[in-house]
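Understanding the architecture of this molecule
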Amino acid sequence: MKKTFALGGVHPHDHKISAGAAIEDFPVLSRVYISMAQHLGSPSEPVVAKGDRVKVGQLIGKPTGFMSACIHSSVSGTVASIEPVADLAGNKVNTIIIDVEGDEWEPSIDRSQTIVREITATKEEILKRIADCGIVGLGGASFPTHIKLTPPPGKKADYLLINGAECEPYLTSDHRIMLEMPEQILIGARLMMKALDVKKCFFGVEENKPDAIASLRRFSSEYPEIEVVSLKKKYPQGGEKQLIDALIGRRVPAMGLPIDAGAVVQNCGTALAVYEAVQKNKPLFEGIVTITGDCTEQQRNFRLRVGTPFNKMLDAVGGLPEQAVKLISGGPMMGKAVANIEAASVKSTSALLVLTEEQTKRKPQTQCIRCGKCVQVCPMGLEPYLLNKLAKVSRMDELEANRVQDCIECGCCLYTCPAQLPLLDNIRVGKGQVIRILRSRPKK
Amino acid sequence: MRKLLVSPAPHIYSAENTRRIMMDVLIALAPSLLVSIYFFGFSAIQLVVVGALTCVGVEYVIQKYLLKTEVTISDLSAAVTGVLLALNLPPNSPWWLMLIGSIVAIGVAKMTFGGLGQNIFNPALVGRVFLLISFPVLMTDWTIPESWFRAGVDATTGATPLALVKEGLAQGLSVEEILANSLDLSYFQMLFVKTGGSVGEVSAFALLLGFAYLLFRRVIRPHIPVTIFLTIALFSGIFWLIDPNQYMDPLFNILTGGVLIGSIFMATDYVTSPMTARGMVIYGVGIGVITMLIRMFGSYPEGISFAILIMNSVVPLINKYIKPARFAKEVKNG
Amino acid sequence: MSSTILITIACLSALGLILAMVLYFVAQKFKVEEDPRIDDVEALLPGANCGGCGSAGCRAFAERCVKAAELDGLFCPVGGNPVMQQVAARLGKEIAEAAPRVAVVRCSGSLDNRPRTSIYDGAASCRVMAGLYSGDTACRYGCLGQGDCVAVCPFGAITMNPRTGLPVVDEQLCTACGNCVAACPKNIIELRNKGPKSRRLYVSCVSQDKGGVARKACSAACIGCMKCVKVCPFEAVKVENNVAYIDFNKCRLCRKCAEACPTGAIVEVNFPIRLPKEVEVEKQA
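This part takes up the domain arrangement of chain B. Residue and element names in this part refer to chain B. You can read the domains of chain B as domain 1 (18–139) and domain 2 (161–321). Once you take the C-alpha centre of each, domain 1 and domain 2 turn out to be 21 Å apart. Of the residues lining the interface, 37 residues belong to domain 1; the matching set on domain 2 comes to 30 residues. Per-residue buried area on domain 1 facing domain 2 is highest for Asp24, Asn122 and Leu125; these three make up 18% of the total on that side. The interface formed by domain 1 and domain 2 includes one salt bridge.

Dropping the structure here:
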């Protein structure tokens, strides 16, 4: 019996059409747009000015707070302007616009292909390199990695869990790196284990990627402290709390963090970035991105510089197809719809997905028939039908009593609803309001 | 510039919809329907057609002219109610009985509450119980009508096994004597062919086939029917072990009467059953206990209809107090 | 036979007597002492329980009125001055007359004025839409058109105009309870003085974009050109963050600003129809 999480979950068709496409370098464009808000915390502050010359990997934005992160240039050239530019949702964010000239890298970056296996850095050095290189969680939330690797006082991690589940349909970027760069990822995992001071690491991969599992196991046999676990295919396996449940059978308490269950979860892409930062001195300014869709001419995986506009990314797969109606940055279950096609990629951009009207247009809503399917599929054991009703009329105390704050916004309820009700749309708003109330409440 | 669609995640949806679910229920009812047509011929066809058409018609008229809302008959939920009600009537029922039952089922039990998803009680059962109370003679006349397929067989008055047992016990006969005298039934017969009973109760096997289909298509979860079966088996088993001459055995109790059709098709109605697995178990146990209480100590030979309706009224309470198993029982403080 | 009837009557009477006594004692024991004036004041209030006064409902408001030393700051927007005067008279307190107000939708970004740049496909709720993105037009400040204000109005005073995609306030029904103001995630709706003869002027735009950007997104946008400020004889208009705002306490309804506005962002309500300028010129000639 393969491992998986206990409650709920759905089985959307996985559509991994770009799984066979090897990672290629995306051509460097003539202009990039590097946002200062690429992480969870407050936006970074530019440390360059208009007219400055920058190199690839040069620090251009410095953190402004605890949750903030460093930002590096992804190209070499001249800073054309620093101004608010609309992001994919149309909201203005401070952005450094760079006109590209050549491709001159910071000389400190080790660009050779040799794999550096020996770990010489100390725990503190590893954490500092990760912070200086601006590594953020590449699983979607963009949580600064060095903070996640520094448990709060009194808390101790027992396990490091590497997330290679890639449970979202269509996405193949994690699959490709596990296939093409397994050793680097495993070294990255060992670096993080050293930083966390843990003795055991589980690497969870869903069973629909047998080649990735085999390639990881070929190298993991050298490292007995890392165990590659094949997981059953079920969405949202890659959710932090679900992965912890699946791999080590622990439940993160409500309103708690993974560290409360003695675990730290990192995406496999983050592990690769950590390897590159610590062993190769390379900041996070490029990432692996899947550009796919059933209607696009091609489906490919690229190594893409941060700040590349979405419309330019589409050109690489044959342009925006006629029947395309929706662009998604990320996967179809939790990704963000792109309202502004001229917006640029950020560190955590893992995919650009093109969907047709038939695939994505919402059907007319009908009456709730109280089938309970939303309750059945909710991986957090909530009652989405009830939360939806309460959120629509802003019944805050009842929302809180029914644990709306536990919702992980995985979308299983909306995905499965036979009445096509916008359950999660409303629940998300209610959750936001309740969490704001909880935060403002004095702690006991 | 192309106008793109923008919506919150998720961006893909399952193919589930109400109409498809109702269609699956109709498909699951098909085996029972075919068996009943084989045994009861035109009478069964007439009941089902009148039932489905009346239910759909009443819903259409109420939505279009009375409530002036969107007409939703195409979701097939009214048709399911009609077919279920038809399968719950005696085979020899006149067509107008079916008509009255359908009007009550849709008009009173469903639309007055606001239509699909709002009703507290199972519409088909409300229709059936209304008829049972208003027309007790017609509703317990188990005469088997002539069938094209079984021409030549004289119409027989086949009382239901449950009624025969109840009468027999009331006359002071022992179970053995009843079985020897009037009840010429083997379990094989009960499983495949049953004399006496409602249209849809003829073949337990056909109903179980429908159950398997519903489970396979994931339309229903097994919790409710299985807990009802287990409760009835346990409840009747205890009494049977105490005195096998006064009480029927568990298998007889499950296979006879409306237990199968009731627990598979009526108790599992989405709208009137609990939302959570735990709630479903409580609901199933309640139905099983009430059914057996009525069968053993009540004046009616069969009680599952009443049992389901009584438990329907408890469902809002169950939904309020029985919460699903949460991911995390512990709440982090501070 | 007759004894049966007698016994029945006796039993029922005894039962009734006992229960009546129980009820009486319970009522005495659990009696809640309340100021009778609360009931009186509540009876005077409209009973809409809209929460527009800031209390949870009409009863809560009545309690506050009775307990308060002075009625200043307590106002029922639904009942308005007449009701508040009655409340004051009943409580023997004084209250100053407040100007009646009405909700005003400060956005003219109709489907014609403000072209759509994307198609919203989520739940029909402004809150959901505002949480997702900046909106389905190039204007980040304008009305999202999903009708949260319509849904929240307890008086049915707001309706959606399907032709413009904007909410319309019926000033006869509007009581200025402020529910819509709180519901609008874009802070477009404002409670403004109704004005003499219900005549009023307001800037129907809240866009803080610079002139060119705002104009490109919406042909009826305020572009912060300052013309209204210059032309106003009463210093009632000011421009902040690229958007004009008319202070209704200073405005004397001369309408010069509306005439001067190049985009028609200043809206005048209930004024007599202005004669076209050419006609006036002909008349003078």
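Tallied over the entire structure, the rule returns 11 aromatic pairs over all chains. Centroid distance Tyr159 of chain A to Phe202 of chain A: 5.6 Å. Interplanar angle 45°. Geometry classified as tilted. Taken together, the residues Tyr159 of chain A in strand E9 (residues 159–164) and Phe202 of chain A in strand E10 (residues 200–206) connect sequence positions 43 residues apart. The exposure class of Tyr159 of chain A is partly exposed, given its relative accessible area of 23%. Taking relative accessible area as the criterion, Phe202 of chain A reaches 10% and is therefore assigned buried. Here the aromatic rings of Trp96 of chain B and Phe135 of chain B are separated by 5.7 Å at their centres, their planes lie at 70°, and the arrangement is edge-to-face.

What follows concerns the interface of chain A and chain C. Listed by partner, the interface residues are 16 residues for chain A and 10 residues for chain C. Roughly 1,100 Å² is buried in total at the junction of chain A and chain C, and carbon and sulfur atoms are behind 49% of that figure. Remark: the boundary between chain A and chain C carries one salt bridge. One salt bridge connects Asp121 of chain C with Lys361 of chain A, and the closest N-O pair in it is separated by 3.4 Å. It is helix H14 (residues 423–440) of chain A that contributes the most residues to the side of chain A that touches chain C, four residues altogether.

What follows covers the packing of helix H10 (residues 204–216) of chain B against helix H13 (residues 259–266) of chain B. All names here are of chain B. Their axes nearest at 10 Å, the elements H10 and H13 cross at an angle of 15°. What the angle tells us is that H10 and H13 run roughly parallel. Where H10 crosses over H13, the handedness of that crossing is left-handed. Facing H10, whose interface residues are Ala204, Leu207, Leu208, Gly210, Phe211 and Leu214, H13 presents Leu260, Ile261, Ile264 and Phe265.

Further remarks concern the interface of chain B and chain A. Opposite the 37 residues of chain B that make contact, chain A presents 69 residues. Buried area between chain B and chain A, both sides added, is near 4,700 Å², and the carbon and sulfur share of it is 57%. If you look at where chain B meets chain A, you find three salt bridges. A salt bridge links Arg326 of chain B to Glu383 of chain A, with the nearest nitrogen and oxygen atoms 3.6 Å apart. Joining chain B to chain A, the criterion identifies 22 residue pairs in polar contact (both at pLDDT 80 or more). Elements supplying a minimum of two residues to the side of chain B that touches chain A: strand E1 (4–6) and helix H1 (18–40) of chain B. It is E1 of chain B that contributes the most residues to the side of chain B that touches chain A, three residues altogether.

Looking now at helix H11 (residues 384–392) of chain A. Across the nine residues that make up H11 of chain A, a large majority, seven, are buried. Residues Pro384, Tyr385, Leu386, Leu387, Asn388, Leu390 and Ala391 of chain A constitute the buried set of H11 of chain A. Looking at the packing, one finds that the buried side of H11 of chain A touches helix H10 (373–377), helix H12 (396–401), helix H13 (412–416) and H14 of chain A, helix H15 (304–321) of chain B together with helix H5 (126–132) of chain C. With its phi angle positive at about 55°, Ser394 of chain A sits one or two positions after the end of H11 of chain A.

Below, the discussion takes up the sheet that holds strand E6 (residues 71–72) of chain A. Residues and elements named next belong to chain A. Taken in spatial order, the three strands line up as E3-E5-E6 in an open sheet, and their pairing is antiparallel. In this open sheet, the two edge strands, each paired with only one partner strand, are strand E3 (45–46) and E6. Relative to E6, strand E5 (residues 59–62) runs antiparallel, the two being bridged by two bridges. Within E6, the residue paired with Leu59 across the bridge is His72.

Residues and elements named next belong to chain A. Across two bridges, the pairing between strand E4 (residues 53–54) and strand E7 (residues 77–86) is antiparallel. In the strand pairing of E7, Val54 is matched with Gly77. Bridge count between E7 and strand E8 (residues 92–100): nine bridges; the pairing is antiparallel. Residue pairing in the sheet places Thr78 in a bridge with Asp99 of E8. Connecting E7 to the next strand, E8, in antiparallel fashion are five residues, including Gly90 with a positive phi near 85°.

Judged from the five bridges that link them, strand E2 (residues 31–35) of chain A and E8 of chain A form a sheet pairing that is antiparallel. Following the sheet pairing, Ile34 of chain A is matched in E8 of chain A by Ile96 of chain A.

We now examine the environment of Gly298 of chain B. Along the chain, the position of Gly298 of chain B falls in the loop between helix H14 (277–297) and H15. Taking the C-alpha atoms as reference points, Gly298 of chain B and Val331 of chain B, 33 residues apart in sequence, are found 48 Å from one another.

Before going further, it helps to spend a moment on the domain arrangement of chain A. Residue and element names in this part refer to chain A. Each assigned domain of chain A is listed here: domain 1 (123–280) and domain 2 (373–440). A C-alpha centroid distance of 28 Å is found between domain 1 and domain 2. Carbon and sulfur atoms make up 70% of the surface buried where domain 1 meets domain 2, a total of about 610 Å² over both sides. Across the contact surface, domain 1 and domain 2 share zero salt bridges. Here domain 1 is connected to domain 2 by two residue pairs in polar contact (both at pLDDT 80 or more). Looking at the side of domain 1 that touches domain 2 residue by residue, the classes come out as four nonpolar, one polar and one charged.

We now examine empty space enclosed by the protein. If you walk through the whole model with that rule in mind, you get 12 cavities of 30 Å³ or more. In terms of lining residues, the largest cavity is bounded by 21 residues, among which Met22, Val80, Leu84, Asp269 and Tyr270 of chain B are the most central. Residue assignment for the lining of the largest cavity shows that the elements contributing at least two residues are H1, helix H3 (77–87) and helix H5 (123–134) of chain B. Per element, the largest residue contribution to the lining of the largest cavity is four residues, and it comes from H3 of chain B. Residue classes in the lining of the largest cavity are distributed as 14 nonpolar, five polar and two charged. Lining the lining of the largest cavity are residues from two domains, each supplying at least three of them: domain 1 (18–139) and domain 2 (161–321) of chain B. Each pocket or cavity is described by its volume, and for the second largest cavity that value is around 110 Å³. Residue assignment for the lining of the second largest cavity shows that the elements contributing at least two residues are H11, H13 and H14 of chain A. Residue composition of the lining of the second largest cavity, grouped by class: 13 nonpolar, one polar and one charged.

Judged by how many residues are buried, H13 of chain B sits mostly within the fold: eight of eight residues are covered. When we look at burial in H13 of chain B, the residues that qualify are Val259, Leu260, Ile261, Gly262, Ser263, Ile264, Phe265 and Met266 of chain B.

Let's shift gears to a nonpolar patch on the surface. Together, Leu17, Met21, Tyr24 and Phe25 of chain C line one region of the surface with nonpolar side chains, adding up to about 480 Å² of accessible area. Along the chain, Leu17 of chain C turns up in helix H1 (residues 2–29).

With that settled, consider the nonpolar core. The biggest cluster of nonpolar side chains holds 74 residues, and the ones touching the most others in it are Leu214, Leu260, Ile264, Phe265, Tyr283, Ile287 and Ile308 of chain B. Residue contributions to this core peak at eight residues, all from H15 of chain B. When residues of this core are sorted by domain, at least three fall in each of domain 1 (18–139) and domain 2 (161–321) of chain B. If we ignore the near neighbours within four places in the chain, the residues touching Leu214 of chain B are Asp24, Val25, Ala28, Val219, Ile220, Ile264 and Phe265 of chain B. Of all hydrophobic cores here, the second largest spans 49 residues; its members include Cys201, Leu216, Phe219 and Tyr223 of chain A.

Calculation rules
- Sequence positions are assigned chain by chain, starting from 1 and proceeding in written order.
- Chains carry letters and ligands carry numbers; both start at the beginning, A for chains and 1 for ligands, and go up in the order they are written.
- It should be noted that, the model being predicted, local features are given only for residues of pLDDT at least 70 and side-chain atom pairs only at 80 or more, the latter also being counted only at that level, while totals for whole chains, interfaces and linings use all residues.
- Excluding hydrogens and water, the side-chain values take into account all heavy atoms of the structure.
- Domain delimitation follows an automatic or database domain assignment.
- By definition, residues are in contact when any of their heavy atoms lie within 4.5 Å.
- We define buried area as the total accessible area lost by two parts upon association, computed with a 1.4 Å probe and summed across both.
- By definition, a salt bridge exists where a carboxyl oxygen of Asp or Glu is found within 4 Å of a side-chain nitrogen of Lys or Arg.
- Between 30 and 60 degrees the pair is tilted, below 30 it is stacked and above 60 it is edge-to-face, where a pair is any two Phe, Tyr or Trp rings, Trp via its six-membered ring, whose centres lie within 6.5 Å.
- Segments assigned H or I by DSSP are reported as helices when at least four residues long, segments assigned E as strands when at least two residues long, and all are numbered from the N terminus.
- Each residue gets one of three labels from its accessible area relative to the maximum for its type: buried under 20%, exposed over 50%, partly exposed in between, using a 1.4 Å probe on protein chains only.
- Whenever a helix is involved, its axis is fitted only over the stretch in contact; in every case the axis is a line through C-alpha atoms, and angles between N-to-C directions fall within 0 to 180 degrees.
- Should an angle lie under 35 degrees it is considered roughly parallel, over 145 roughly antiparallel, and from 65 to 115 roughly perpendicular; all remaining angles are considered oblique.
- Each helix crossing is assigned a hand: it is left-handed if the near helix lies turned anticlockwise from the far helix by less than a right angle, otherwise right-handed if that turn is clockwise.
- Any pair of N or O atoms that falls within 3.5 Å is considered a polar contact. Within protein, one atom must be able to donate a hydrogen and the other to accept it, and sequence-neighbouring residues count only if both atoms are side-chain atoms.
- Any two strands are treated as partners once DSSP identifies two or more bridges connecting them.
- Each residue is assigned to one of three groups, with Ala, Val, Leu, Ile, Met, Phe, Trp, Tyr, Cys and Pro labelled nonpolar, Asp, Glu, Lys and Arg labelled charged, and all others, Gly among them, labelled polar.
- Detection works on a 1 Å grid of protein atoms alone, calling trapped sets that fit a 1.4 Å probe cavities and calling open sets with protein on both sides within 12 Å along at least five of seven lines pockets, with lining residues defined by an atom within 4 Å of a point.
- Grid points are joined across faces, edges and corners, and a volume is the space filled by probe spheres set on the points.
- Residues qualify for a patch when their relative accessible area is over 30% and they have no salt bridge, like charges being joined within 9 Å and the nonpolar side chains of Val, Leu, Ile, Met, Phe, Trp and Tyr within 5 Å.
- All accessibility values rest on the Shrake-Rupley procedure with a 1.4 Å probe; residue burial counts only the protein chains present in the view.
- Put simply, buried Ala, Val, Leu, Ile, Met, Phe, Trp, Tyr and Cys residues joined by side-chain atoms within 4.5 Å make one nonpolar core.

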